[in-house]
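# Secondary and tertiary structure notes
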Amino acid sequence: MAVQFYNTLSQQAEEFSPARDNTVRMYTCGPTVYDFAHIGNFRTFTFVDLLRKWLRASGFHLDHVMNITDVDDKIIRNAAAHRKTLEEYTAIYTRAFLEDCDKLRLERPEHLVPATSHINDMVEAIERLGAADHTYKSDGSVYFRISSFAGYGKLSHNDFSGNIAGARVDVDSYDKADARDFALWKAPKEGERFWDTPIGPGRPGWHIECSVMAIKYLGETLDIHAGGVDLIFPHHENEIAQSESLTGKPFARFWLHAEFLLVEGQKMSKSLGNYFTLRDVLDRGYKPETVRYLLASVPYRKSLNFTFDGLKSAETAIERLRNFKLRLESDRFPEGATEAVTRRTAQACRAFTDGMNADLNTAEALGAIFEYIRDANSAMDSGGFGAGDVPGALELLALFDRVFAVIEPTAATGQVSDEEVEARIAERTAAKKARDFARADDVRKQLLDQGIILEDTKAGVRWKRK
Ligand code: AMP
Ligand code: ZN
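Just so we're clear, the structure is a prediction, and the values are computed from it rather than from any experiment. (Residues numbered from 1 in each chain as written. Chains lettered and ligands numbered in written order. Predicted model: local features only at pLDDT ≥ 70, side-chain atom pairs only at ≥ 80, totals over all residues. Heavy atoms only, no water.)

We now examine the coordination of the zinc ion (ligand 2). In this structure, C29 (SG), C210 (SG), H235 (NE2) and E239 (OE) serve as the protein donors to the zinc ion (ligand 2), at separations of 2.0 to 2.5 Å. For the zinc ion (ligand 2), the 4 donor atoms in the first shell make angles of 74 to 133° at the metal, so the coordination geometry reads as irregular. Binding-site remark: the zinc ion (ligand 2) is held by donors from one chain whose sequence spacing is C-x180-C-x24-H-x3-E. Of this pair, H235 and E239 both sit in helix α6 (residues 232-247), separated by 4 residues, roughly a single helical turn. For E239, a relative accessible area of 0% translates into the label buried. (Donors = N, O, S within 2.8 Å, 3.2 Å for Na, K, Ca; no water. Tetrahedral: all angles 85-135°; square planar, octahedral: opposite > 155°, others 65-115°. Helix = DSSP H or I, 4+ residues; strand = E, 2+ residues; numbered from the N terminus. Buried < 20%, exposed > 50% of the residue type's maximum accessible area, 1.4 Å probe, protein only.)

The structure is reproduced here in structure tokens:
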């Protein structure tokens, strides 16, 4: 089965392959860097990361652009309140965002592009839209006339034909009921940062940056465009109107949208105040990979209710994966492979792949892995798992972790290295041989203080991090 995605545009699951040369040209909407991102935002970015990793595991190359929205109303307001220039202010939160992405093991897109580095490209696009009669000016701002684009509403599946022509909106987000001509270029208000350009002084609206940067780096038609469901309208609808009016071509073949992270049934958001940043969660002692696991564990088109119990279950799940890997690497198994396990491993690999291919059904994919671990563990307990079965099982875990990326523990700062642990274990073994049990016990206790747990087994000493 090839990979299938649910396409918001067609409202159907469709088989996916890139239009040209095995490379997926993909655009995803990035953060607005006015504050720390919350873990709701990171649910969407984690989905994008899973998408990247699964596309790559499926044999495709990636050419992926993500924007950094570094000019908008909230940024201008916050920068002024902190007496910082726009650049100083957004540099702080761009860096914080990238640090958080690294902690969550989110790969960098091939192009990470700030809006303010593309003002000229946007001005040029607005001029071209003007020449094609899609815009009008009012009080120094430039608006896109939605009645000039016949397909307006095709992504959000709304019929806007009865709309009052000419009603305008300056803010970047608004309800479906308010489908309005939207600002491409905003005239400067008193004290606001602006750019002097051939279309007058001002700054770009939010929507135009994505159209312009997507087309600049990826061409007129993208394979995939993705973001959170809150972006379907108006943001992505407006991106389509702008882009297709500019090129006359379909803007994106597949539109993928991630559902929200919820807190007690409500969207996690800055405005409701019900949010946790990644830093908040890590300060409570959780590891970044635990957050990643939780965010990845529910298929992206289902909303996910955030709870600390959920994080605890994620911790337990990761522990099971690590223990299984440790057992594979350190137990001694009877020689040879068993036919039953070989078959079971191949079946688990297929079930995992089928799950991911089915619109990234991570719940199904995880189910396949944990059922396999349960069966493999019982085979091991009953002596039915051979040394020859180990490589296949490790390969399955590697396939899993190429996408989920949670098995490797995050190194705490100042943490002892693997080599140091091995050296201390050798020291302890030598002490035991010399019947210096007090010394051997000291080493074990010191390692425990550093978060290293030793386990003496028939096959030798096993160790893991707490
Ligand atoms: P922003 O920084 O506000 O532009 O949002 C960045 C991304 O986070 C967008 O793709 C939003 O759709 C997404 N997002 C915002 N809130 C949530 C949430 N509670 N759950 C999932 N995604 C969200
Ligand atoms: Zn966008």
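That was the structure; now back to the text.
Among the secondary structure elements, I452 is positioned in strand β16 (residues 452-457). Residues I452 and V416, spaced 36 residues apart in sequence, show a C-alpha to C-alpha distance of 8.8 Å. If near-sequence neighbours (up to four positions away) are discounted, I452 is found in contact with V416, V421, L447, W463, K464 and R465. (Contact = heavy atoms within 4.5 Å.)

Remark: helix α2 (residues 73-81) packs on helix α3 (residues 86-103), axes separated minimally by 9 Å, with the N-to-C direction vectors making an angle of 105°. Classified by the interaxial angle, the pair formed by α2 and α3 is roughly perpendicular. Two secondary-structure elements touch here, α2 through I75, I76, N78 and A79 and α3 through L86, Y89 and T90. Residue composition of the contact of α2 with α3, grouped by class: 5 nonpolar, 2 polar and no charged. (Axes fitted to C-alpha atoms, helices over the stretch in contact; angles between N-to-C directions. Parallel < 35°, antiparallel > 145°, perpendicular 65-115°, else oblique. Nonpolar A, V, L, I, M, F, W, Y, C, P; charged D, E, K, R; others polar.)

All right, on to the sheet that holds strand β12 (residues 252-258) then. With parallel pairing, 5 strands are arranged side by side in an open sheet as β5-β4-β3-β11-β12. Every other strand in the sheet has two partners, leaving β5 (111-114) and β12 as the edge strands with one partner each. Neighbour-to-neighbour, the strand axes of this sheet turn through a mean angle of 20°, independent of strand direction. As paired elements, strand β4 (residues 61-68) and β5 share 4 bridges and run parallel to each other. Within β5, the position partnered with M66 by the bridge is L112. (Pairing = 2+ DSSP bridges.)

As a further point, take the site of ligand 1. In the vicinity of ligand 1, 16 residues are found, and the nearest of them are G40, T44, D230, L261 and M268. Separating an oxygen atom of ligand 1 from a backbone N or O atom of T32 is a distance of 3.0 Å. Backbone polar atom of L261 to a nitrogen atom of ligand 1: 2.8 Å apart, as the coordinates give it. Relative to its free-state accessible area of 500 Å², ligand 1 is covered by the protein chains to the extent of 90%. When each cavity is represented as a set of grid points, ligand 1 is found to reside in the largest pocket. Counting residues per element, the shell around ligand 1 draws most heavily on helix α1 (residues 39-57), which supplies 4 residues. When its residues are assigned to classes, the shell around ligand 1 shows 6 nonpolar, 7 polar and 3 charged. (Near = heavy atom within 4 Å. Polar contact = N/O pair within 3.5 Å; in protein donor to acceptor, adjacent residues only side chain to side chain. Areas by Shrake-Rupley, 256 points an atom, 1.4 Å probe, with all protein chains shown as cover. 1 Å grid on protein atoms, 1.4 Å probe; cavity = no way out; pocket = protein on both sides within 12 Å on 5 of 7 lines; lining within 4 Å. Sits in = over half its atoms within 2 Å of the grid points.)

Computed from the structure, the largest pocket encloses a volume of approximately 1100 Å³. Lining of the largest pocket is provided by 42 residues; of these, N41, K74, D230, L231 and K267 occupy positions nearest its centre. Those elements giving two or more residues to the lining of the largest pocket turn out to be α1, α2, α3, β11 (222-228) and α6. No other element matches α1, which puts 4 residues into the lining of the largest pocket. When residues of the lining of the largest pocket are sorted by domain, at least three fall in each of domain 1 (4-258) and domain 2 (267-404). (Points joined across faces, edges and corners; volume = space filled by probe spheres on them. Domains from an automatic or database assignment.)

In this section: empty space enclosed by the protein. The tally for this structure, following the rule as stated, stands at 2 cavities of 30 Å³ or more. What lines the largest cavity is a set of 14 residues, among which M66, C101, L106, E107 and P109 lie closest to the centre. For the lining of the largest cavity, the secondary-structure elements that each account for two or more residues are α1, β4 and α3. Sorting elements by how many residues they give to the lining of the largest cavity places α1 first, with 4 residues. Along the lines of polarity and charge, the residues of the lining of the largest cavity split into 9 nonpolar, 1 polar and 4 charged. Roughly 30 Å³ of volume is contained in the second largest cavity. The wall of the second largest cavity is formed by R43, T46, F47, L50, L295, A296, V298 and Y300. At 4 residues, the largest contribution of residues to the lining of the second largest cavity is made by α1. For the lining of the second largest cavity, the residue count by class is 6 nonpolar, 1 polar and 1 charged. Lining the lining of the second largest cavity are residues from two domains, each supplying at least three of them: domain 1 (4-258) and domain 2 (267-404).

Here we take up the nonpolar core. The biggest cluster of nonpolar side chains holds 131 residues, and the ones touching the most others in it are F5, L55, I224, L321, F352 and F385. With 10 residues, the top contributor of residues to this core is helix α11 (residues 362-381). Each of domain 1 (4-258) and domain 2 (267-404) gives at least three residues to this core. Those residues in contact with L55 that lie beyond four places of it in its chain are F5, F16, V24, M26, F60, L62 and I224. Of all hydrophobic cores here, the second largest spans 8 residues; its members include V416, V421, I425 and L447. (Core = buried A, V, L, I, M, F, W, Y, C linked by side-chain atoms within 4.5 Å.)

In many reports, interface size means the accessible area that the parts give up when they come together. The assigned domain composition of the protein is domain 1 (4-258), domain 2 (267-404) and domain 3 (418-465). Just the C-alpha atoms count here: the centres of domain 2 and domain 3 sit 28 Å apart. For the domain 2 and domain 3 pair, buried surface summed over both sides reaches about 520 Å², with 46% attributable to carbon and sulfur atoms. Per-residue buried area on domain 2 facing domain 3 is highest for L326, S330 and R332; these three make up 64% of the total on that side. For K464, the salt bridge goes to E319, with nearest N and O atoms at 3.6 Å. Applying the counting rule to domain 2 against domain 3 returns 3 residue pairs in polar contact (both at pLDDT 80 or more). A breakdown of the residues in the side of domain 2 that touches domain 3 according to their chemical character gives 1 nonpolar, 2 polar and 4 charged. (Buried area = accessible area lost by both parts, 1.4 Å probe. Salt bridge = Lys/Arg side-chain N within 4 Å of Asp/Glu carboxyl O.)

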